[in-house]
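# An overview of the molecular structure
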Amino acid sequence: MPLEDEDPVMRRGQRVNGEVNSNPWLGGMGDSPLRGTPAPAPDGRRTEVMAEGWEPGLALGDEDVTPKWPPQRAGQHEEALMAELSELVQKVVKNSSWWERHGVDISILSCSFLLLPAGFLCLRLAQAIPFLMGVLILGVVHHTLTVKGSHLASHNALTESKSWGKVWAIFFIELCSAFTAEQGTYNHVKMHHGYTNIIGLGDSSTWKVPFLNRYVYMFMAPLAVPIITPLVALGLLRNVKWKTALRTLCCMFLGLYCHYWLLLHISGFQSPWSALLCMLLTRSLLAHPYIHVNIFQHIGLPMFAADRKPKRIHLMSLGVLNLPRNALLDWSFGHSLISCHVEHHLFPSLSDNMCLKIKPVVSQYLKQKKLPYNEDTYTSRLRLFLRRYEELMVHAPPITELVGIQ
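Residues numbered from 1 in each chain as written. Predicted model: local features only at pLDDT ≥ 70, side-chain atom pairs only at ≥ 80, totals over all residues. Heavy atoms only, no water.

## Section: the overall build of the protein
Looking only at helices and strands, the protein has 16 helices and two strands in total. Residues classed as buried in the protein amount to 55% of the 406 residues present. Considering only residue pairs separated by 6 or more positions, the protein has 77% of its internal contacts joining residues 24 or more positions apart. Of the accessible surface of the protein, which amounts to about 18,100 Å², a share of 63% is contributed by carbon and sulfur atoms. (Helix = DSSP H or I, 4+ residues; strand = E, 2+ residues; numbered from the N terminus. Buried < 20%, exposed > 50% of the residue type's maximum accessible area, 1.4 Å probe, protein only. Contact = heavy atoms within 4.5 Å. Areas by Shrake-Rupley, 256 points an atom, 1.4 Å probe, with all protein chains shown as cover.)

## Comments concerning unusual backbone geometry
Phi at Asn156 is positive, roughly 55°, even though this residue is not glycine. Of note, the phi angle at Asn197 is positive, near 60°, even though the residue is not glycine. Considering the arrangement of structural elements, one finds Asn197 in the loop between helix H5 (181-193) and helix H6 (214-220). The class of Asn197 is buried, set by a relative accessible area of 0%.

## Structural notes on the packing of helix H4 (residues 162-176) against helix H8 (residues 242-265)
Relative to each other, H4 and H8 sit at 65°, their axes nearing to 7 Å. Where H4 approaches H8, its residues Ile170, Glu174 and Leu175 are matched on the opposing element by Arg247, Thr248, Cys251, Met252, Leu254 and Gly255. (Axes fitted to C-alpha atoms, helices over the stretch in contact; angles between N-to-C directions.)

## Describing the nonpolar core
Residues Leu346, Phe347, Val362 and Leu366 are the most contacted members of the largest nonpolar core, which totals 30 residues. Counting residues per element, the ones that place at least two in this core are helix H1 (71-94), helix H11 (312-319), helix H13 (341-346) and helix H14 (352-368). In this structure Val362 touches Leu85, Val89, Glu343, Leu346, Phe347 and Tyr373, once residues within four positions along its chain are discounted. Membership of the second largest hydrophobic core comes to 28 residues, among which are Val147, Ala287, Ile338 and Val394. (Core = buried A, V, L, I, M, F, W, Y, C linked by side-chain atoms within 4.5 Å.)

## Concerning a nonpolar patch on the surface
On the surface, a nonpolar cluster with roughly 500 Å² of combined accessible area is contributed by Leu121, Phe253, Tyr257, Trp261 and Ile266. No other element matches the three residues that H8 contributes to the nonpolar patch. In this structure, Phe253 sits in helix H8. The exposure class of Phe253 is exposed, given its relative accessible area of 57%. (Patch = residues over 30% accessible without salt bridge, like charges linked within 9 Å, V, L, I, M, F, W, Y side chains within 5 Å. Salt bridge = Lys/Arg side-chain N within 4 Å of Asp/Glu carboxyl O.)

## Digging into the state of the cysteines
Counted under the stated rule, the structure contains zero disulfides. Residue Cys251 stays outside any disulfide, its sulfur separated by 6.9 Å from that of Cys250, the closest cysteine. Overall, the relative accessible area of 16% leaves Cys251 in the buried class. (Disulfide = S-S within 2.5 Å.)

## As for the packing of helix H10 (residues 287-296) against helix H15 (residues 378-387)
One can describe the packing of H10 onto H15 by two numbers: an axis separation of 11 Å at closest approach and a directional angle of 80°. By the angle between their directions, the pair H10 and H15 is classed as roughly perpendicular. Residues His288, Pro289, His292, Val293, Ile295 and Phe296 of H10 form the contact with H15, whose own contacting residues are Tyr378, Arg381, Leu382 and Phe385. The residue makeup of the contact of H10 with H15, split by class, is seven nonpolar, two polar and one charged. (Parallel < 35°, antiparallel > 145°, perpendicular 65-115°, else oblique. Nonpolar A, V, L, I, M, F, W, Y, C, P; charged D, E, K, R; others polar.)

## Examining the environment of Leu386
Within the secondary structure, Leu386 sits in helix H15. Expressed as a C-alpha distance, the spacing of Leu386 and Asn213, which sit 173 residues apart in the sequence, is 9.8 Å. Not counting chain neighbours up to four residues away, the residues in contact with Leu386 comprise Arg214, Tyr215, Met218 and Phe219.

## Thoughts on the UniProt feature "transmembrane region" (unreviewed entry) in the protein
This chain's UniProt record puts "transmembrane region" (unreviewed entry) on residues 128-145, 215-237 and 249-269. Split by type, residues 215-237 is 78% helix and 0% strand. Its first and last C-alpha atoms lie 32 Å apart. What you have in residues 249-269 is 81% helix and 0% strand, and the ends, taken at the C-alpha atoms, are 26 Å apart. (UniProt positions renumbered as here; feature names shortened; annotations may be inferred.)

## Quick notes on the side chain of Ser336
Tracing the chain through its elements places Ser336 in the loop between helix H12 (327-332) and H13. Here the side chain of Ser336 touches Asp352 through a polar contact of 2.4 Å, side chain to side chain. (Polar contact = N/O pair within 3.5 Å; in protein donor to acceptor, adjacent residues only side chain to side chain.)

## Section: the packing of aromatic side chains
The geometry of an aromatic ring pair is captured by the separation of the ring centres together with the interplanar angle, meaning the angle of the planes. Per the counting criterion, the structure on display carries 13 aromatic pairs. Relative to Phe333, the ring of Tyr290 lies with its centre 6.3 Å away and its plane at 75°, an arrangement referred to as edge-to-face. With Tyr290 in helix H10 and Phe333 in the loop between H12 and H13, this pair connects stretches of sequence that are 43 residues apart. Residue Tyr290 shares its accessibility class with Phe333, and that shared class is buried. Ring centres of Phe296 and Tyr378 lie 5.2 Å apart, and the angle between their planes is 75°; on these two criteria the pair is classed as edge-to-face. Of the two residues, Phe296 is situated in helix H10 and Tyr378 in helix H15; the sequence distance between them amounts to 82 residues. Taking the relative accessible area as the measure of exposure, Phe296 reaches 0% and is therefore buried. Through pairs of rings, three or more aromatic residues link up here, namely Phe113, Trp164, Trp168, Phe171 and Phe172. (Phe/Tyr/Trp six-rings, centres within 6.5 Å; stacked < 30°, edge-to-face > 60°.)

## Details of the side chain of His335
With respect to the helices, strands and loops of the structure, His335 is situated in the loop between H12 and H13. Owing to a relative accessible area of 11%, His335 belongs among the buried residues under this scheme. Non-local contacts of His335, meaning those with residues more than four positions away in its chain, are made with Arg325, Asp330, Cys340, His341, Asp352, Asn353 and Leu356.

## Looking at the confidence of the model for the protein
When pLDDT is averaged along the protein, the result is 84; 80% of the residues meet or exceed 70. Across residues 4-69, where pLDDT falls below 50, the model places 207 contacts with residues more than four positions away in sequence or in other chains. (pLDDT = per-residue confidence, 0-100.)

If you want it as structure tokens, here you go:
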């Protein structure tokens, strides 16, 4: 099983011209060109930003740092670090069973499907508690299938077969999520993972909506995600072949109509508008943490120019942040999007359960080599974004200089 993404779709150092398509359901695809003058470098509480080769006490972007070794040796050293870490992780993967590599996450997705009848039947009852329980079940199941399922399918982490991987990608991304599989996979795997925190490519700027104020963006706008997602998908169909566009339209329509039909005929809703309102409610139940997680884990961390980015191990350790474990979000979003995001960006083809299993190996190795291992709490990041919203979400991100590393 390969442990790293495929080669990036654009050569390193190529200048960015034009925009990259946005994608609202998978986190952090950059879609905006270079803008304006960099703002002061933001910093988050308990976010380590020092890297090997840096003098103590200097923050990233403050000033040039004298390297401990020449640039060529530094690059070779970083490649050796990544190779050594990959070897350690590969040993863990080889010693893991199929159940650990794929079975645990497939079981979570299967359990979610089995909960669907209970959710629709609870909505038939007139009492408030069973009805709210039905909304909760359907909301959690929807986000498990559309976020966790789509994310794993986009990385082909559900199976070791490429053919079945494509089938699962179409099922979870198009049928369940009402998005286009090709564009979603390209934007997330090729751009976001290939160019994590690279200005204009994978800098998470697709999540920025500068004309919204902080409270509207953080607490009200997420409710519109179920409506915006298929609309954005329709716009992206211009970039795919007509056969692919037709397949995507059919899958999107089938997924949305099945949800609507089940609410009318199984849950017993009397009017189309009440069924549509319930669809919106369940599909936006966890939209707030979904948006928050996608901005918390990259924005506010070091950003780089395309022609001056560090090697992979520094790029991922500097520009990615882990949040604490949370039972609800671990189930519905997956470990790789919550507490193991650093591990996921270093080894994106691994499943959620495997990211959790290699977490002690990766964290210990990075700390041992004095490389960044960014961690912070959800509430701490929320306070940071509310306090520094203009700087982080409106202005252009600063470019970090890594003279001491490259």
